[in-house]
Amino acid sequence: MPAFTPTELAERLGSGLLSFPVTHFTRDLAFDEPAYRENIIRLGKYEIAGLFAAGGTGEFFSLTPEEVGTVVRAAVGSAPEGTPILAPAGHGTAQAVAMARDAEAAGADGLLLFPPYLTEASADGLVAHVRAVCESTSLGVVLYSRANAVYTSDTVAALADACPNLIGFKDGVGDLEEITRIHSRLGDRLVYVGGLPTAETFALPYLELGVTTYSSAIFNFLPEFALTFYSAVRTGDRTKVRRLLDDVVLPYTAIRDRKAGYAVSIVKAGMELVGCPAGPVRPPLTDLDDAERALLAGVVETSRTAIA
């Protein structure tokens with residue numbers, strides 16, 4: 001049995017900052033399980049509401065289904081007691097169902113349901129996809145709206161009625177009008193998670209819409225900064241939020257935007273800069289070059305003085 005019921009998991013996720021640990025690779029791009037486990041232990045020492053193993057920042061898209069299971073089991077086995085671990089499910093419906101069942105067998109506390117791979121689908125098709133996954137597991141499921149799986153308020157409302165264990169909605173689109181509609185219709189039936197790249201950029205306006213938490217990639221290598229930023233958002237310290245945005249987050253995003261895929265690559269570069277190397281990214285992603293790493297080193301140094 002998972003440590004959290006779906007309702008308990010939703011409450012926990014909405015209570016604090018979330019993060020997606022990177023997946024550690026060796027130089028020959030094999031999963032580096034000892035280093036990964038050590039990192040989960042490190043991150044679990046902080047006040048975090050949940051860790052998403054093998055998620056987007058964890059390069060889910062580059063992992064085989066067998067590797068996903070290995071990563072999830074490593075996270076479950078290494079996280080401190082009481083730290084929720086959410087596993088990914090994705091690709092086609094049959095694969096997503098298999099991943100959901102394997103995650104539950106591995107002891108995960110919940111699921112993040114990624115968009116189906118490549119193919120576009122109608123709203124009815126997406127409903128069937130999500131229902132199949134929810135019905136295959138007793139775990140709480142967080143729906144990820146992004147790319148070729150963008151869920152409208154009508155679709156989310158129908159799924160919330162049909163799937164008691166659908167507990168969350170993660171927005172990776174940035175359509176504020178649709179988020180407002182979803183929250184207006186469903187209220188606290190779901191927990192709402194900000195999921196745009198470098199979610200700190202949008203945290204303050206999202207909070208006004210009922211999105212109480214977000215997934216912080218920066219937490220991987222600047223956990224103290226990430227938690228300080230989150231606290232400023234939740235306490236409504238707008239002056240501090242804007243200062244930290246100007247000094248750290250926006251310069252960080254300027255590096256991230258230099259090349260497609262850098263939303264993940266920049267995190268691994270940051271890990272190396274702070275002495276917690278996680279290895280390279282797998283293709284088709286590419287690593288930062290030396291000049292970009294130097295720029296990021298400056299951002300890292302600024303972040304330390306910004307929260308001092």
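Residues numbered from 1 in each chain as written. Predicted model: local features only at pLDDT ≥ 70, side-chain atom pairs only at ≥ 80, totals over all residues. Heavy atoms only, no water.

Draft legend 1. Focus on the UniProt feature "active site" (unreviewed entry) in the protein. Here the UniProt feature "active site" (unreviewed entry) sits at Tyr144 and Lys170. Annotated residues spanning 27 residues; largest pairwise C-alpha distance 4.7 Å, indicating a single compact cluster. Relative to the elements of secondary structure, Tyr144 occurs in strand S5 (residues 140-145). A relative accessible area of 4% means that Tyr144 is categorised as buried. Discounting chain neighbours no more than four positions away, the residues touching Tyr144 are Leu112, Leu113, Phe114, Pro115, Ala149, Tyr151, Lys170, Gly172 and Gly195. If sequence neighbours within four positions are ignored, Lys170 has contacts with Phe20, Leu112, Val142, Leu143, Tyr144, Ser145, Val193, Gly194, Gly195 and Ser215. (UniProt positions renumbered as here; feature names shortened; annotations may be inferred. Helix = DSSP H or I, 4+ residues; strand = E, 2+ residues; numbered from the N terminus. Buried < 20%, exposed > 50% of the residue type's maximum accessible area, 1.4 Å probe, protein only. Contact = heavy atoms within 4.5 Å.)

Draft legend 2. Summary view of the nonpolar core. Counting residues in each nonpolar core, the largest one holds 105 residues, and the members touching the most others are Tyr151, Phe169, Phe229 and Leu296. It is helix H10 (residues 238-256) that contributes the most residues to this core, 7 residues altogether. Apart from the residues within four sequence positions on either side, Leu296 is in contact with Tyr252, Ile255, Ile266, Ala269, Gly270, Leu273 and Leu288. (Core = buried A, V, L, I, M, F, W, Y, C linked by side-chain atoms within 4.5 Å.)

Draft legend 3. Just the packing of H10 against helix H11 (residues 262-273), in detail. Contact geometry for H10 and H11: axes closest at 9 Å, N-to-C directions at 115°. Pair H10 / H11 crosses with right-handed handedness. Residues Tyr252, Ile255 and Arg256 of H10 form the contact with H11, whose participating residues are Tyr262, Ala263, Ile266 and Val267. A per-class count over the contact of H10 with H11 returns 6 nonpolar, no polar and 1 charged. (Axes fitted to C-alpha atoms, helices over the stretch in contact; angles between N-to-C directions. Left-handed = near helix turned anticlockwise from the far one by under 90°. Nonpolar A, V, L, I, M, F, W, Y, C, P; charged D, E, K, R; others polar.)

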